[in-house]
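Take a look at the letters that make up each chain.
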Amino acid sequence: MKSYRLDRTHRVIELRGVTRSDDALAAEQQVRTLLRRCDTPAAIVDVDSEEVSPSLVSLLVRLRGFAERCRVFLCVRARHEQVAEALREAGLERILRVTRTLSQARERTRVCCAATSPRRPASTVRARLKVRLYRFVCPDTKERTAAARQSHACDLR
């Protein structure tokens, strides 16, 4: 299983050749190990498959639940249009956060990873809501900037 760090906030996990349930079980164990040790607040599962099998879909749904328990924001990148279309038709596009490119996956996880760039403390209602949404999506992440901590202090007042 190939895994690499895309930037400070994203880890990419490549998933290939999952067509049978035996393949899915082996892949799930490897991805779970990577998610447990994930040093970034967001992970992108890069699915490199030309067809969608039931074992692949169930694997992705199980990984999404496991990632939430590990407090890692999970997004799925479907390299092939057929895979993205099949997940869209199955109604799993929002649940699995399916995108076609890595840049779209970065954009989709922007709310979760909002604390990576230093900003002024949140003073407007909209900014405080954004911080609260961040805390809801990614609670207790390992990397929080001083700006995010200051805006959390503003929320407690």
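Residues numbered from 1 in each chain as written. Predicted model: local features only at pLDDT ≥ 70, side-chain atom pairs only at ≥ 80, totals over all residues. Heavy atoms only, no water.

## Regarding the pairing of strand S2 (residues 10-16)
Reasoning step 1: Where burial is concerned, most of S2 is hidden: six out of the seven residues are buried.
Reasoning step 2: Direction of pairing for strand S1 (residues 3-5) relative to S2: antiparallel, over a ladder of three bridges. Residue pairing for S2: Tyr4 is matched across the bridge by Val12.
Reasoning step 3: Linking S1 to S2, which pair antiparallel, is a turn of four residues.
Reasoning step 4: When S2 meets strand S3 (residues 42-48), the two strands line up parallel, connected through seven bridges. Its bridge partner lying in S3, Leu15 is registered against Val47.
Reasoning step 5: This β-α-β element, S2 to helix H1 (residues 21-36) to S3, shows right-handed connectivity. (Buried < 20%, exposed > 50% of the residue type's maximum accessible area, 1.4 Å probe, protein only. Helix = DSSP H or I, 4+ residues; strand = E, 2+ residues; numbered from the N terminus. Pairing = 2+ DSSP bridges. Right-handed = clockwise from strand over helix to strand, strands pointing away.)

## A word on the state of the cysteines
Reasoning step 1: Here the structure, examined in full by the defined rule, presents zero disulfides.
Reasoning step 2: Cysteine Cys70 shares no disulfide, and the gap to the nearest cysteine sulfur, in Cys38, comes to 8.7 Å. (Disulfide = S-S within 2.5 Å.)

## Description of the packing of H1 against helix H2 (residues 54-69)
Reasoning step 1: Between H1 and H2, the least distance of the axes is 10 Å, while the angle of their chain directions is 20°. With respect to their mutual orientation, H1 and H2 come out roughly parallel. Where H1 crosses over H2, the two elements pack in a sense that is right-handed. On H2, the residues that touch Ser21, Ala24, Ala27, Glu28, Val31, Arg32, Leu35 and Arg36 of H1 are Ser55, Leu59, Arg62, Leu63, Phe66, Ala67 and Arg69.
Reasoning step 2: Here the contact of H1 with H2 is composed, by residue class, of eight nonpolar, two polar and five charged. (Axes fitted to C-alpha atoms, helices over the stretch in contact; angles between N-to-C directions. Parallel < 35°, antiparallel > 145°, perpendicular 65-115°, else oblique. Left-handed = near helix turned anticlockwise from the far one by under 90°. Contact = heavy atoms within 4.5 Å. Nonpolar A, V, L, I, M, F, W, Y, C, P; charged D, E, K, R; others polar.)

## Thoughts on helix H3 (residues 81-89)
Reasoning step 1: Every buried residue of H3 is listed here: Val83, Ala84 and Leu87. End-on, the buried residues of H3 take up no more than an arc of 100°, which puts them together on one face. Facing away from the buried surface of H3 by more than 90 degrees, the exposed residues are Gln82 and Glu89.
Reasoning step 2: The elements touched by buried residues of H3 are S3, H2, strand S4 (73-78), helix H4 (93-96) and strand S5 (98-99).
Reasoning step 3: Looking at the residues trailing H3, positive phi occurs at Gly91, about 80°. (Arc of directions from axis to C-beta.)

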